[in-house]
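Here's the letter readout for the chains.
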Amino acid sequence: MIRARAGRAATTAAVVLLVLQVAASFAGHLIRREGVRTRETLDLLVVHRLDQLVWPFTDGRSRTLQLAFVAVVVLAAVITGLLTFLSARLLVAGTPAPAVLLLTWMAVVLATTTAQVPWAIVYADQIGGGRAPAYWADVLERAPWWGVLLGWVPALAATIAYAMTNRGRPVTAPHQPAWQPATREERP
């Protein structure tokens, strides 16, 4: 039963992360295409961090960049799914479902940061013409921020999936206080 709960939570987190990364990347592309200047506004923290991965399917971008985009999104989803599955499996019976929220959120941060490394290599080569230091810092800086700002969405979905699959009754022991006053029958 724990394995099924962990599997559903992991699958849910991976799918939601995959959809969220693609949607955030496309939203960032639309914001840039419309010419919205986010660097001068207070929404810089959110809007500028939305597009962890630059949308590569327009403007004649190379196939290498497009394949790297797909590979990085899938890699992040797989790492998130595996980390969520393993952490949910290690939870002790009776642990509340919000523990899955924190574990999955940290798994998203770790997975997006780890998967960002191949993207940074390909992006620096394709866009920067090999000037890696100029692009690596900007590209690698976005991944942890993206995981912190938006990682709660797949984590919340995994928590809900984990909690909804708990169909068994909770195992509880009858409550007995440590000290109980003696009744009239027990008194000498």
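Residues numbered from 1 in each chain as written. Predicted model: local features only at pLDDT ≥ 70, side-chain atom pairs only at ≥ 80, totals over all residues. Heavy atoms only, no water.

## Observations concerning the nonpolar core
And then number 1: Core analysis: the largest hydrophobic core is formed by 18 residues, its most contacted members being L53, F69, W119 and W146.
And then number 2: Elements with a contribution of two residues or more to this core: α1 (2-33), α3 (63-89), α4 (98-126) and α5 (132-150).
And then number 3: Looking at this core element by element, the count peaks at 6 residues for α3. (Core = buried A, V, L, I, M, F, W, Y, C linked by side-chain atoms within 4.5 Å. Buried < 20%, exposed > 50% of the residue type's maximum accessible area, 1.4 Å probe, protein only. Helix = DSSP H or I, 4+ residues; strand = E, 2+ residues; numbered from the N terminus.)

## Considering the packing of aromatic side chains
And then number 1: Under the defined criterion, the tally for this structure stands at 5 aromatic pairs.
And then number 2: Here F57 and F69 contribute two aromatic rings whose centre-to-centre distance is 5.5 Å and whose plane-to-plane angle is 90 degrees, an arrangement assigned as edge-to-face. Of this pair, F57 sits in the loop between α2 (44-50) and α3 while F69 sits in helix α3; the two residues are 12 residues apart in sequence, bridging distant segments of the chain.
And then number 3: Given the relative accessible area of 3%, F69 is considered buried.
And then number 4: Taken together, a centroid distance of 6.1 Å and an interplanar angle of 70 degrees make the contact between F69 and W119 edge-to-face. Of the two residues, F69 is situated in helix α3 and W119 in helix α4; the sequence distance between them amounts to 50 residues. When sorted by exposure, F69 lands in the same class as W119, which is buried.
And then number 5: The structure contains a cluster of three or more aromatic residues connected by ring pairs, namely F26, W55, F57, F69 and W119. (Phe/Tyr/Trp six-rings, centres within 6.5 Å; stacked < 30°, edge-to-face > 60°.)

## A short note on a nonpolar patch on the surface
And then number 1: Judged by side-chain polarity, V15, L18, V19, F57, V70, V74, V78 and L82 come together as a nonpolar surface patch covering roughly 650 Å² of accessible area.
And then number 2: Those elements that provide at least two residues to the nonpolar patch are α1 and α3.
And then number 3: The element that contributes the greatest number of residues to the nonpolar patch is α3, accounting for 4 residues.
And then number 4: In this fold, L18 is placed in helix α1. (Patch = residues over 30% accessible without salt bridge, like charges linked within 9 Å, V, L, I, M, F, W, Y side chains within 5 Å. Areas by Shrake-Rupley, 256 points an atom, 1.4 Å probe, with all protein chains shown as cover. Salt bridge = Lys/Arg side-chain N within 4 Å of Asp/Glu carboxyl O.)

## A word on helix α6 (residues 152-164)
And then number 1: Here α6 contains 13 residues, and its C-alpha end-to-end distance of 18 Å stays within 8% of the 18 Å for a straight helix at 1.5 Å per residue.
And then number 2: Along α6, the residues classified as buried are P154, A155, A157, A158, T159, A161 and Y162. (Expected span 1.5 Å × (residues − 1).)

## A few points about the environment of W152
And then number 1: For W152, the location among the structural elements is in helix α6.
And then number 2: For W152, a relative accessible area of 40% puts it in the partly exposed group.
And then number 3: Separated by 44 residues in sequence, W152 and V108 place their C-alpha atoms 8.4 Å apart.
And then number 4: With residues up to four places along the chain from it excluded, the contact list for W152 reads L101, W105 and G147. (Contact = heavy atoms within 4.5 Å.)

## What about the side chain of T84?
And then number 1: Relative to the assigned elements, T84 resides in helix α3.
And then number 2: Classification of T84 by relative accessible area gives buried; the value is 1%.
And then number 3: If we skip the residues at most four places from it in the chain, T84 touches A9, A10, A13, T104, A107 and A158.

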